[in-house]
Amino acid sequence: MIKAYGKAIPKAWRRIARIFVALGDPHRQRIVLMFEPGERLNIGQIVAASTLSRTAVTHHLRVLREAGVLRSEKTGREVYFWPDADTVREALDAVREYVRQH
């Protein structure tokens, strides 16, 4: 037993945990899944394709961006978002490696 893990999540796992927490919400899953490969969407486009209010979409986009699941860039007055597949892939690889070792 690794007793230290009973008291705190290891620092290396904190970022991974944030990714899984962000992806644990069905609304955020739907937002991530609406992107076509290579596509960038702005908030208005995401709101138009969603059943959520603009405020709710903005909240979910912030959670996804802070977790590293989405990236963003401001172009003029618009902010565009796109999935960061490498970040999600690295988190999945880390979990696979943990399972392989244990």
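About the thresholds
- Residues numbered from 1 in each chain as written.
- Predicted model: local features only at pLDDT ≥ 70, side-chain atom pairs only at ≥ 80, totals over all residues.
- Heavy atoms only, no water.
- Pairing = 2+ DSSP bridges.
- Helix = DSSP H or I, 4+ residues; strand = E, 2+ residues; numbered from the N terminus.
- Phe/Tyr/Trp six-rings, centres within 6.5 Å; stacked < 30°, edge-to-face > 60°.
- Lys NZ or Arg CZ within 6 Å of the ring centre and 35° of its normal.
- Axes fitted to C-alpha atoms, helices over the stretch in contact; angles between N-to-C directions.
- Parallel < 35°, antiparallel > 145°, perpendicular 65-115°, else oblique.
- Contact = heavy atoms within 4.5 Å.
- Nonpolar A, V, L, I, M, F, W, Y, C, P; charged D, E, K, R; others polar.
- Core = buried A, V, L, I, M, F, W, Y, C linked by side-chain atoms within 4.5 Å.
- Buried < 20%, exposed > 50% of the residue type's maximum accessible area, 1.4 Å probe, protein only.
- Salt bridge = Lys/Arg side-chain N within 4 Å of Asp/Glu carboxyl O.
- Left-handed = near helix turned anticlockwise from the far one by under 90°.

A. A look at the pairing of strand β2 (residues 70-75). Note that β2 and strand β3 (residues 78-83) share 6 bridges and pair antiparallel. Bridge assignment links Arg71 to a residue of β3, and that residue is Trp82. From the end of β2 to the start of β3, which pair antiparallel, there are 2 residues, and Gly76 there has a positive phi angle of about 65°.

B. Structural detail: the packing of aromatic side chains. Per the stated rule, a full pass over the model turns up 0 aromatic pairs. Lying across the ring of Trp82, Arg40 places its NZ or CZ 3.6 Å from the centre.

C. Spotlight on the packing of helix α2 (residues 26-33) against helix α4 (residues 54-67). Two elements in contact, α2 and α4, have axes separated by 10 Å at closest approach and are oriented at 80°. Considering the angle they form, α2 stands roughly perpendicular to α4. Of the residues in α4, those in contact with His27, Arg28, Ile31 and Val32 of α2 are His59, His60, Leu61, Val63 and Leu64. The residue inventory of the contact of α2 with α4, partitioned by class, reads 5 nonpolar, 3 polar and 1 charged.

D. Expanded view of the nonpolar core. Counting residues in hydrophobic clusters, the biggest one holds 18 residues, and the most contacted among them are Phe35, Ile46, Leu61, Leu64 and Val69. Looking at this core, the elements with two or more residues in it are α1 (11-23), α2, α3 (43-49) and α4. Setting aside chain neighbours within four positions, we find Leu64 in contact with Ala22, Leu23, Arg28, Ile31, Val32, Val69 and Leu70.

E. Examining the pairing of β3 more closely. Pairing analysis gives 2 bridges linking strand β1 (residues 41-42) to β3, with the strands arranged antiparallel. The residue of β3 that forms the bridge with Leu41 is Phe81.

F. The pattern of salt bridges, seen in detail. As enumerated under the stated definition, the model contains 5 salt bridges in all. Residues Glu73 and Arg40 are paired through a salt bridge, measuring 3.0 Å at the closest nitrogen-oxygen approach. Taken together, the residues span a long stretch of sequence, with Glu73 in strand β2 and Arg40 in the loop between α2 and β1 at a distance of 33 residues. Of the residues examined, Glu73 reaches a relative accessible area of 38% and is grouped as partly exposed. Its salt-bridge partner being Arg89, residue Asp86 comes within 2.7 Å of it at the nearest N-O pair. A residue pair is termed a helical-turn pair when its members lie 3 or 4 positions apart in one helix, as Asp86 and Arg89 do in helix α5 (residues 85-101) at 3 residues. Residue Asp86 is classed as partly exposed on the basis of its relative accessible area, which comes to 46%. When its relative accessible area of 43% is taken as the criterion, Arg89 is described as partly exposed.

G. Seen up close, the packing of α1 against α5. At a closest axis distance of 10 Å, the pairing of α1 and α5 adopts a crossing angle of 115°. Between α1 and α5, the interaxial angle falls into the category roughly perpendicular. For the crossing formed where α1 meets α5, the hand is left-handed. Of the residues in α5, those touching α1 at Trp13, Arg15, Ile16, Ile19, Phe20 and Leu23 are Thr87, Val88, Ala91, Leu92, Ala94, Val95 and Tyr98. Residues that form the contact of α1 with α5 fall into these classes: 11 nonpolar, 1 polar and 1 charged.

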